[in-house]
Amino acid sequence: MSDPQFVMYSTPWCGYCHRLKGQLKREGIAFDEVDIEQQPDAALLVEQANGGNQTVPTLVFTDGTALTNPSLAQIKAQLAS
């Protein structure tokens with residue numbers, strides 16, 4: 001894998017997070033992961049990106065843009081832009 005292209009904010013119990021992580025790993029897309037239950041500052045960042053909600057998975061890209069509960073196709077499109 002190459003350098004991480006975004007940070008995925010998630011929780012251990014999030015089924016959508018687990019599914020998306022598996023898809024990303026199969027595609028060879030590198031990312032960092034932050035558990036918002038273990039890092040309160042990360043939870044605040046997720047709330048700011050989602051209108052006050054702690055919605056996961058939230059992905060924050062190196063350019064500062066964010067996607068919430070995206071599909072693999074949406075992530076690939078974001079990375080290609």
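Overview of the structure. (Residues numbered from 1 in each chain as written. Predicted model: local features only at pLDDT ≥ 70, side-chain atom pairs only at ≥ 80, totals over all residues. Heavy atoms only, no water.)

## Observations regarding the overall build of the protein chain
- Helices and strands together make up the secondary structure of the protein chain, namely 3 helices and 4 strands.
- The helix and strand sequence of the protein chain, counted from the amino end, reads β-α-β-α-β-β-α.
- Computed over C-alpha atoms, the radius of gyration of the protein chain comes to 12 Å, within 12% of the 12 Å expected from 2.2 N^0.38 for 81 residues, which places it in the range of a compact globule.
- The buried share among the 81 residues of the protein chain stands at 37%.
- A fraction of 56% describes how many contacts in the protein chain between residues 6 or more apart in sequence connect residues 24 or more apart.
- Counting only carbon and sulfur atoms, one obtains 48% of the accessible surface of the protein chain, whose full area is about 4700 Å².
- The centroid of the 5 positive side-chain charges in the protein chain is displaced by 13 Å from the centroid of its 9 negative side-chain charges. (Helix = DSSP H or I, 4+ residues; strand = E, 2+ residues; numbered from the N terminus. Rg over C-alpha atoms; globule rule 2.2 N^0.38 Å. Buried < 20%, exposed > 50% of the residue type's maximum accessible area, 1.4 Å probe, protein only. Contact = heavy atoms within 4.5 Å. Areas by Shrake-Rupley, 256 points an atom, 1.4 Å probe, with all protein chains shown as cover. Lys, Arg positive; Asp, Glu negative; His and termini not counted. Charge placed at Lys NZ, Arg CZ, Asp CG, Glu CD.)

## Quick word on the pairing of strand S2 (residues 32-35)
- As paired strands, strand S1 (residues 6-10) and S2 are joined by 4 bridges and run parallel to one another. Bridge assignment links Ser10 to a residue of S2, and that residue is Asp35.
- Taking the sense of rotation as the criterion, the β-α-β connection linking S1, helix H1 (residues 15-27) and S2 turns out right-handed. (Pairing = 2+ DSSP bridges. Right-handed = clockwise from strand over helix to strand, strands pointing away.)

## A short note on the side chain of Thr58
- Positionally, Thr58 belongs in strand S3 (residues 58-61).
- Residue classification places Thr58 among the buried positions, given a relative accessible area of 0%.
- Not counting residues within four places of it along the chain, the set of residues in contact with Thr58 comprises Val7, Met8, Tyr9, Val46, Ala49, Asn50, Leu67 and Thr68.

## A word on the sheet that holds S2
- The strand order across the open sheet built from 4 strands is S2-S1-S3-S4, with neighbouring strands paired in mixed fashion. Unpaired on one side and paired on the other, S2 and strand S4 (66-68) mark the two borders of the sheet. Going across the sheet, the axis of each strand differs from the next one's by a mean of 20 degrees, ignoring polarity.
- Bridging between S1 and S3 involves 4 bridges; their strand directions are antiparallel. Note on S3: the bridge partner recorded for Tyr9 is Thr58.
- Where H1 meets the sheet, it contacts S1, S2 and S3, and its direction lies at approximately 155 degrees from that of S1.
- Docked against the sheet, helix H3 (residues 72-80) engages S1, S3 and S4, running at close to 10 degrees with respect to S3. (Axes fitted to C-alpha atoms, helices over the stretch in contact; angles between N-to-C directions.)

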